[in-house]
Amino acid sequence: METAIDINQNYTKYYDKGSYLRVYPTEFVMRAFLQTKLPRLHFERPKAGETVLEIGFGDGRNTVLLLDQGYHVTGVEITKDICDKTEERLHALGHENFDFKVGRNNSLPFEDNTFGCLLASHTAYYIDEGSSFDDNMDEYARVLKKDGYAVFDILKIAPEIKDDINILNNPIMNSDGTATVTSDPLGIRNGYRFQVFKSTDELTQRLSKWFYNFSVGTADNTFFGVSERTFWVVCQKK
């Protein structure tokens, strides 16, 4: 079983290999923050000048989108090296209106009721050893203001899928609803636990402890043999 230290090292090395100055946003983030007239999206987007918390910003691909909307971005990543590398990239692109801190899903370095909106793209479902999905959601809700919005994605388990490359191919299913990765296409997360859900109802029922006003989309795509199966969630803190 990988430890938190292993995942820190693996992701630091992974992002250190990246050499692109420009990277491009995730589709569900673009749709949530930019696209108008989505009939089942109930989201009062932040106003220019407001601060958005971005949990697990990685290479900054979504950070740039948020900055371009005029938001201040407070970002969290699991190592200082990742923070430093992405900060350097954003400065090279001419961006200044952000600050990065080291933190984790289950340990965010902020006071209660600080943010009106948070984004966690490909992040919320990472479960540290000795921790749980509830611990992650406790922290998300803690740092959000009442009625603040959380925007994130969660993995959809599809055991019948056998042929495509997918991080959830042949996982070890655990009694707490997590899946231990055994076939990571990136080769850096094997042994790590991800929270997964089978249905929208199961997902919203679990999240209803902390949130309400759910807008849920789904992705069920296969890109030439690489599959993506996720839930996209926008909701408000109770």
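Each remark here, short or long, concerns the structure printed above.
Residues numbered from 1 in each chain as written. Predicted model: local features only at pLDDT ≥ 70, side-chain atom pairs only at ≥ 80, totals over all residues. Heavy atoms only, no water.

Caption draft 1: Examining the environment of Ser132 more closely. Its location among the elements puts Ser132 in the loop between β5 (126-127) and α5 (133-143). By relative accessible area, Ser132 is classed as partly exposed at 25%. Along the sequence, Ser132 and Phe194 sit 62 residues apart, while their C-alpha atoms lie 9.6 Å from each other. (Helix = DSSP H or I, 4+ residues; strand = E, 2+ residues; numbered from the N terminus. Buried < 20%, exposed > 50% of the residue type's maximum accessible area, 1.4 Å probe, protein only.)

Caption draft 2: Representation of the packing of helix α2 (residues 27-34) against helix α3 (residues 61-68). At a minimum axis distance of 10 Å, the contact between α2 and α3 shows a crossing angle of 15°. Judged by the inter-axis angle, α2 sits roughly parallel to α3. Two packed elements cross with a definite hand, and for α2 against α3 that hand is right-handed. Note on element contacts: α3 touches α2 through Asn62, Leu65 and Leu66, opposite Val29, Met30, Phe33 and Leu34. Of the residues assigned to the contact of α2 with α3, the class counts are six nonpolar, one polar and no charged. (Axes fitted to C-alpha atoms, helices over the stretch in contact; angles between N-to-C directions. Parallel < 35°, antiparallel > 145°, perpendicular 65-115°, else oblique. Left-handed = near helix turned anticlockwise from the far one by under 90°. Contact = heavy atoms within 4.5 Å. Nonpolar A, V, L, I, M, F, W, Y, C, P; charged D, E, K, R; others polar.)

Caption draft 3: Region of interest: the packing of aromatic side chains. Applying the stated criterion across every chain, the model contains 19 aromatic pairs. Measuring from ring centre to ring centre gives 6.0 Å for Tyr11 and Tyr14, while their planes differ by 90°; the resulting arrangement is edge-to-face. Of the two residues, Tyr11 and Tyr14 are both situated in helix α1 (residues 4-17); the distance of three residues between them amounts to about one turn of the helix. The exposure class assigned to Tyr11 is buried, which follows from its relative accessible area of 10%. Summarising the aromatic geometry, the rings of Tyr140 and Phe152 are spaced 6.3 Å apart at their centres and angled 80° between planes, so their arrangement reads as edge-to-face. With Tyr140 in helix α5 and Phe152 in strand β6 (residues 144-156), this pair connects stretches of sequence that are 12 residues apart. (Phe/Tyr/Trp six-rings, centres within 6.5 Å; stacked < 30°, edge-to-face > 60°.)

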